[in-house]
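Below are the chains, spelled out letter by letter.
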Amino acid sequence: MRKHLTIVTLALLSLSACNRKPSCKEAFEKYFDENVGACAQALINGGEDSALAMKQCSCMLRGLYDIDSTFILMNPQEQQVFIAKHIDALYKAMESAGGDKVQKESENLSASGE
């Protein structure tokens, strides 16, 4: 699941662009449901429970916003560096949303070296 996190997040952030210059909060909230849905669909396609996927994606996107509200304005290269820098915090947010199942997946990934 970790390897999909960066790809999904980068794809979602591209949906946050807009023509006028709204505040970061306005832009984030305007596209939040759409971004959560797209993120969740990617996880669901990977075998995740739909309710859990929605909760995890919501936590992940809110986590990105909490770390730096201007992340939606970053170019793709900056977003990639930003996500890589904060991947552990984002993954912990998803773990807290997913409970035991995500924790077990995390342990499996650690054991397999991913």
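In the block above lies the structure referred to throughout.
Just so we're clear, the structure is a prediction, and the values are computed from it rather than from any experiment.

Caption draft 1: Representation of the overall build of the protein within the structure. Each helix and strand in the protein was counted, giving 4 helices and 0 strands. What you see in the protein, going N to C, is helices and strands ordered as α-α-α-α. Restricting to contacts in the protein with at least 6 residues of sequence separation, those with at least 24 account for 59%. Looking at the protein as shown, the accessible area adds up to about 6500 Å², and 52% of this sits on carbon and sulfur atoms.

Caption draft 2: Broad picture of the nonpolar core. Counting residues in each nonpolar core, the largest one holds 22 residues, and the members touching the most others are Leu 61, Leu 64 and Phe 71. Elements with a minimum of two residues in this core: helix 2 (24-45), helix 3 (50-67) and helix 4 (76-112).

Caption draft 3: Examining the state of the cysteines more closely. According to the stated counting rule, one finds 1 disulfide in the structure shown. Each sulfur of the disulfide joining Cys 39 and Cys 57 lies 2.1 Å from the other. Residues Cys 39 and Cys 57 share a disulfide whose torsion about the S-S bond is about -75°; that sign makes it left-handed. Within this pair, whereas Cys 39 is found in helix 2, its partner Cys 57 is found in helix 3, the two being separated by 18 residues in sequence. For Cys 39, a relative accessible area of 2% translates into the label buried. Looking at the unpaired Cys 59, the closest cysteine sulfur is the one in Cys 57, lying at 9.4 Å.

Caption draft 4: Molecular detail of the environment of Ala 27. As for its position among the elements, Ala 27 is in helix 2. Ala 27 sits 43 residues away from Thr 70 along the chain, and the two C-alpha atoms are 10.0 Å apart.

Caption draft 5: The packing of helix 2 against helix 3, seen in detail. Look at helix 2 against helix 3: their axes get within 8 Å of each other, and the N-to-C directions meet at 145°. Remark: the crossing between helix 2 and helix 3 carries right-handed chirality. Contact residues: helix 2 offers Cys 24, Lys 25, Phe 28, Glu 29, Phe 32, Asn 35, Val 36, Gly 37, Cys 39, Ala 40, Leu 43 and Ile 44, while helix 3 offers Ser 50, Ala 53, Met 54, Gln 56, Cys 57, Ser 58, Met 60, Leu 61, Arg 62 and Tyr 65. The class makeup of the residues in the contact of helix 2 with helix 3 is 14 nonpolar, 5 polar and 3 charged.

Caption draft 6: The arrangement of the pattern of salt bridges in detail. Counted by the stated rule, this structure contains 2 salt bridges. A salt bridge links Glu 29 to Arg 62; its shortest N-O distance comes to 3.1 Å. A residue pair is termed long-range when its members are at least 10 positions apart, and Glu 29 in helix 2 and Arg 62 in helix 3 qualify at 33 residues. Here Glu 29 falls in the partly exposed class, since its relative accessible area comes to 34%. According to the relative accessible area criterion, Arg 62 is partly exposed, its value standing at 32%.

About the criteria used
Residues numbered from 1 in each chain as written. Predicted model: local features only at pLDDT ≥ 70, side-chain atom pairs only at ≥ 80, totals over all residues. Heavy atoms only, no water. Helix = DSSP H or I, 4+ residues; strand = E, 2+ residues; numbered from the N terminus. Contact = heavy atoms within 4.5 Å. Areas by Shrake-Rupley, 256 points an atom, 1.4 Å probe, with all protein chains shown as cover. Core = buried A, V, L, I, M, F, W, Y, C linked by side-chain atoms within 4.5 Å. Buried < 20%, exposed > 50% of the residue type's maximum accessible area, 1.4 Å probe, protein only. Disulfide = S-S within 2.5 Å. Axes fitted to C-alpha atoms, helices over the stretch in contact; angles between N-to-C directions. Left-handed = near helix turned anticlockwise from the far one by under 90°. Nonpolar A, V, L, I, M, F, W, Y, C, P; charged D, E, K, R; others polar. Salt bridge = Lys/Arg side-chain N within 4 Å of Asp/Glu carboxyl O.

By themselves, these are just geometric observations and shouldn't be taken as functional.
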